[in-house]
Amino acid sequence: MTQTSLICGSIAIDTILQFPNRFDSILLPDQLHKVNVSFLAPTMRTEFGGCAPNIAYNLQMLGGEPRIVGVMGQDNAAYMARFRKLGLATDNILIKQDAYNAQCFVTADQDNNQINAFHPGAMSYAHENEVAKAGPARIAIISPDGHLGMKKHAEDLSKLHIPFIFDPGQQLPMFNGEELIDFIDKATYVTTNDYEIELLIERTGLSLADIASRVEALIVTRGEQGSEIHTKGQRIDIPAVPVTAALDPTGCGDAYRAGLLFGITRGWNWETTGRLASLLGAIKIAHKGAQNHSFTAAQIADQFEAAFGYRF
């Protein structure tokens, strides 16, 4: 059986600008109705991002078989070169020449408050990228992407009988309760963070137990409190792996999801799968950017044993 994981989601470029002061030194509370300000940002960095590449990046290093299903624009050259260098398949990345890559522009102040602008660009055409063209797969994940694309991919994966993880992330507010229930009923697994599960409960009117009962597993991450996996009426608590320095949480959830995909495709139990996912999140948070950490499968096995006392 194929071990391929289809990774449906955004492909984006993040531009991070650093303002070496506090926003409140310029923003006047009584003038917020007519804001016209400029923040001098002496430092700037560009990061490769997007949920699909972030997940695929980690899964590839583990020894998994990720296949990205996403859309890029006319400015795709640098990212496509990176994919080729990493050995990530690009066959199922649709190029829209009349659009730009999805891009996030982040301005952060010295307290790490952020003012962001997100341009969805080519991501808005995700529904034009047929998952059936990606070929057979053991599992798929629907991570944040274009609104129509996420719905289309869920419908198509269901028809193709490919089990998938529904990972709505920051796109969850785009969907109403009926749409979210439809996603849950089509999915095999659902994963959210602690804020998203509360919003999912509010939007659908379902309890956490109700959601868990409709899928094989509901996974909820809770930052430094670890994570929990609800499956077959049980709750499995997964401890967070301690880190010496939490430099940047960007991409930690994506790293965690790569661990889930790897464990599921290997047929592991949920305790081991969740612990691998937790370890990947801890490794990522110690590095700035979503794709600047590195490891080998052998190193992960050693670190897993050091953290949990047994080898997977």
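These figures come from a predicted structure and were not determined experimentally. The numbers attached to residues start from 1 for each chain and follow its sequence in the written order. pLDDT decides what is reported in this predicted model: residues at 70 or higher carry local features, side-chain atom pairs at 80 or more are listed and counted, and totals for whole chains, interfaces and linings draw on all residues regardless. The basis for every side-chain value is the complete set of heavy atoms in the structure, and neither hydrogens nor water enter the calculation.

Visitor: Sorry if this is basic, but what is going on with the pairing of strand β1 (residues 4-8) here?
Guide: Sheet faces and side chains relate simply in a regular strand, where the side chains alternate between the two faces. Burial classes follow relative accessibility: with a 1.4 Å probe on protein chains only, a residue under 20% of its type's maximum area counts as buried, one over 50% as exposed, and anything between as partly exposed. To qualify as a helix, a DSSP run of H or I must reach at least 4 residues; to qualify as a strand, a run of E must reach at least 2; elements of each kind are numbered from the N terminus. Burial analysis of β1 places five of its five residues in the buried class, the great majority of the element. Where burial is concerned, the two faces of β1 agree: the one with T4, L6 and C8 and the one with S5 and I7 are both buried. Two strands qualify as a pair provided DSSP detects at least 2 bridges between them. Bridging between β1 and strand β8 (residues 139-142) involves four bridges; their strand directions are parallel. In the strand pairing of β8, L6 is matched with A140.

Visitor: What exactly am I supposed to notice about the nonpolar core here?
Guide: Taken as a class, soluble globular proteins show a tendency for nonpolar side chains to be buried jointly. By size, the foremost hydrophobic cluster in this structure holds 45 residues, and its most contacted members are F83 and W270. The contact definition used throughout considers only heavy atoms, calling two residues in contact when any of these lie within 4.5 Å. Apart from residues lying up to four places away in sequence, F83 is in contact with I11, P53, I68, M72, L88, T90 and I93. The criterion is simple. A nonpolar core is a set of buried Ala, Val, Leu, Ile, Met, Phe, Trp, Tyr and Cys residues joined through side-chain atoms within 4.5 Å. Counting residues in each nonpolar core, the second largest holds 30 residues, with M150, F166, L172 and A212 among its members.

Visitor: Whenever I open this one, the environment of G251 confuses me. Can you help?
Guide: Checked against the element boundaries, G251 lands in the loop between β13 (234-238) and α7 (252-265). The class of G251 is buried, set by a relative accessible area of 11%. It is 23 Å that separates the C-alpha atoms of G251 and Y125, two residues lying 126 residues apart in sequence. Look past the residues within four positions of G251 in its chain and what remains in contact with it is N54, K284 and A290.

Visitor: What is the right way to read the sheet that holds strand β11 (residues 217-221) from this model?
Guide: Read from one edge of the open sheet, nine strands run β5-β4-β1-β8-β9-β10-β11-β12-β13, paired in mixed fashion. Each of the sheet's edge strands pairs with one partner strand only, and the pair in question is β5 (93-95) and β13. Sheet twist, expressed as the mean angle between neighbouring strand axes with direction ignored, is 20 degrees. One ladder, built from five bridges, connects strand β12 (residues 227-231) with β13; its direction is antiparallel. Across the sheet, residue I229 finds its bridge partner in β13, namely I236. Helix axes are fitted only over the stretch in contact, all axes being lines through C-alpha atoms; the angle between N-to-C directions runs from 0 to 180 degrees. Against the sheet, helix α3 (residues 147-159) touches β1, β4 (65-72), β8 and β9 (164-166), its axis set at about 160 degrees to β8. In this fold α7 packs onto β1, β8, β9, β10 (189-193), β11 and β12, with an angle of close to 160 degrees to the strand it touches most, β8.

Visitor: Would you mind going over the sheet that holds strand β3 (residues 43-49) with me for this structure?
Guide: Within a beta sheet, neighbouring strands are joined by backbone hydrogen bonds and run either parallel or antiparallel to one another. Taken together, four strands build an open sheet; the order of strands is β3-β2-β6-β7 and the sheet is mixed. Strands at the two margins of the open sheet, each flanked by one partner only, are β3 and β7 (114-119). Strand after strand, the sheet turns through a mean of 15 degrees between neighbouring axes, direction not considered. Where strand β6 (residues 102-108) and β7 come together, six bridges link them in antiparallel fashion. Pairing of A108 across the sheet is with Q114, part of β7.

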